[in-house]
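Below are the chains, spelled out letter by letter.
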Amino acid sequence: MLFKSDGRTCLDSGHQEAAEALAAAQSRYVANNPLSKKQHDLAVGLLPGGNTRTLLHTSPFPLCMKHGKGTFVWDEDGHKYTDFVGELSAGLYGHSHPVIRTAVLSTFDEIGLSLGSTTTYEARYASLLCQRFKLKRVRMTNTGTEANLHALAAARHYTGKRKVVVFNGGYHGACFSFGGGKAAPNTADKGDFVVVQNYGNDEAAAEARKVIEETAREGDLAAVLVEGMQGAGGCLPSSKHFMLAIQEAAKKTGALFILDEVMTSRLAPNGLGQELGLSPDLVTLGKYLGGGFSFGAFGGRKEIMDTVYDPRVSGSLAHSGTFNNNTMTMCAGFTGLNQVFTAEVCVEFNRVGDDLRERLNAVAKGTRLMFTGRGSLIGLHFREDGTLESQERVDLRDLFWFEMLEEGYWITRRGFIAMMLGTPQKELDRFVDAVARFMARHAGIMMV
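Overview of the confidence of the model for the protein chain
- The predicted model of the protein chain has a mean per-residue pLDDT of 96, with 98% of residues at 70 or higher.
- Contacts of residues 1-10 to residues separated by more than four positions or lying in other chains number 11 contacts, the stretch itself having pLDDT below 50.

What follows is the structure, encoded as structure tokens:
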């Protein structure tokens, strides 16, 4: 920025060029998507903001998708996109996987919906989840948010304490968000959370250990809740040392160590926690594990789960939910994990993701764009000097989003990519080329 003598700010040439490019891209967006605009205008008369999921809102109006097939989606105006949104990691199987389709149809035809009882299908899926993610007990929920809600309730009931240590940038569901180093206004039990200001590296580990120990000394620490890689926080992986250090600190103080694997369970055959050598007390799961349907789960140590949630135990907590064991979810989820996303497929899929991220960073070297993440989950960061420590350039991020739509790629505006199984290699190659063209086209504002 440049400052005038009277204290007012004006844009330097780079920011001015970016502003002009962004304005032009937004004008093209409006012109190219009249039916999405029409649908948004109708929706705002019925839904606050025109949607029922805040993340999907974007200005000047969101694209409205009409249908999806395989790893592609089409909007109301007929544009086709390679789907890199991947339903924020829940869309692992794509939009019409034939094995999932068979499971859905056979469930509908041969089993039926919502039987209102326990079924063999929930026990079958529970067995697979326990085997795959090294759990002794597991319970199902409808979302990852619910999984974390019930895991926290378990920790508080089991320990008789209330406080939970979390981390800046952490996201554990719709009512457990800690961006900006503090609990979001809609955080449930907001006053019970203690937020560590840094995450992921050796320095953050020392800070976290100190906060955990200090909170424990106050006599009310129930749990430490953490992601092995922050998803909503920008696909920021933690170091193994960091995770082991906070696990050790939690267990030393008697607090439960809860690992949020709602997003990260897809990054290694047995979940990211096993890959990092962790042994959490409780694990939360969700997203793709529903086979395309709404799903969450939480589980872990036998003595915790049985004490807190076994209805035969006096004083146990109730855990209800009409759709917790919905037959469609139990069967589609089981089929996907058992037949499609096998351990071998998981390893190869994440190798492809690592390769894509490395190629993208090679193209972006020396610019204000960098790519972070692990395996099939990738974060995009536009920063003033090309490092995570520098100021975020929202203008460049928005410009990238508009222009990648024009290239035929559907990604989140905040810069999150969740790959889908079966995405053609030529589409991954074409994306690398599209990013290179973006860099060349905007070299004047992208080079550090």
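That shown, we press on.
Structural notes on the environment of Gln391
- Mapped onto the secondary structure, Gln391 falls in the loop between strand E16 (377-382) and helix H12 (394-406).
- Sequence spacing of Gln391 and Ala154 is 237 residues, and the spatial spacing of their C-alpha atoms is 39 Å.
- Aside from chain neighbours lying at most four places away, what touches Gln391 is Phe382, Arg383 and Glu384.

Observations regarding unusual backbone geometry
- The step from Ser59 to Pro60 runs through a cis peptide bond, and the omega angle for that step is 5°.
- Along the chain, the position of Pro60 falls in the loop between helix H2 (34-43) and strand E3 (65-69).
- A positive phi angle is found at Asp189, which is not glycine, with a value near 55°.
- Along the chain, Asp189 falls in the loop between strand E7 (163-167) and strand E8 (193-196).

Considerations on the sheet that holds strand E4 (residues 72-75)
- Pairing in this open sheet of four strands is mixed, and the strands run E3-E4-E5-E17 from one edge to the other. Each end of this open sheet is capped by a strand with a single partner; those strands are E3 and strand E17 (409-410).
- Relative to E4, E3 runs antiparallel, the two being bridged by four bridges. Residue pairing across strands places Lys69 opposite Phe72, the latter belonging to E4.

Here we look at the side chain of Arg368
- Assignment of secondary structure puts Arg368 in the loop between helix H11 (343-364) and strand E15 (369-374).
- The exposure class of Arg368 is buried, given its relative accessible area of 13%.
- A polar side-chain atom of Arg368 sits 2.8 Å from the main-chain carbonyl oxygen of Glu384.
- Once you skip the residues sitting within four places of it in the chain, Arg368 turns out to touch His381, Phe382, Arg383, Glu384, Gly386, Arg393, Leu396, Ile445, Met446, Met447 and Val448.

Thoughts on the sheet that holds strand E9 (residues 221-227)
- Here seven strands make up an open sheet; going across it, the order is E6-E14-E13-E12-E9-E7-E8 and the pairing mixed. A strand with exactly one partner marks an edge of an open sheet, and here the two such strands are strand E6 (137-141) and E8. Pairwise comparison of adjacent strand axes, ignoring direction, gives a mean angle of 20° for this sheet.
- In this structure, strand E13 (residues 282-286) lies alongside strand E14 (residues 296-300), joined through five bridges in antiparallel fashion. Residue pairing for E14: Leu282 is matched across the bridge by Gly300.
- In this fold helix H4 (residues 120-133) packs onto E6 and E13, with an angle of close to 120° to the strand it touches most, E6.

A short note on H11
- With 22 residues, H11 should reach 32 Å at 1.5 Å per residue; the first-to-last C-alpha distance of 32 Å fits that figure.
- Of the positions making up H11, those classed as buried are Cys346, Phe349, Asn350, Val352, Gly353, Leu356, Arg357, Leu360 and Ala364. One face of H11 carries all of its buried residues, which in axial projection span an arc of 150°. Every exposed residue of H11 that faces more than 90 degrees away from the buried side is listed here: Glu344, Glu358 and Ala362.

Reading the values: the criteria
Residues numbered from 1 in each chain as written. Predicted model: local features only at pLDDT ≥ 70, side-chain atom pairs only at ≥ 80, totals over all residues. Heavy atoms only, no water. pLDDT = per-residue confidence, 0-100. Contact = heavy atoms within 4.5 Å. Helix = DSSP H or I, 4+ residues; strand = E, 2+ residues; numbered from the N terminus. Pairing = 2+ DSSP bridges. Buried < 20%, exposed > 50% of the residue type's maximum accessible area, 1.4 Å probe, protein only. Polar contact = N/O pair within 3.5 Å; in protein donor to acceptor, adjacent residues only side chain to side chain. Axes fitted to C-alpha atoms, helices over the stretch in contact; angles between N-to-C directions. Expected span 1.5 Å × (residues − 1). Arc of directions from axis to C-beta.

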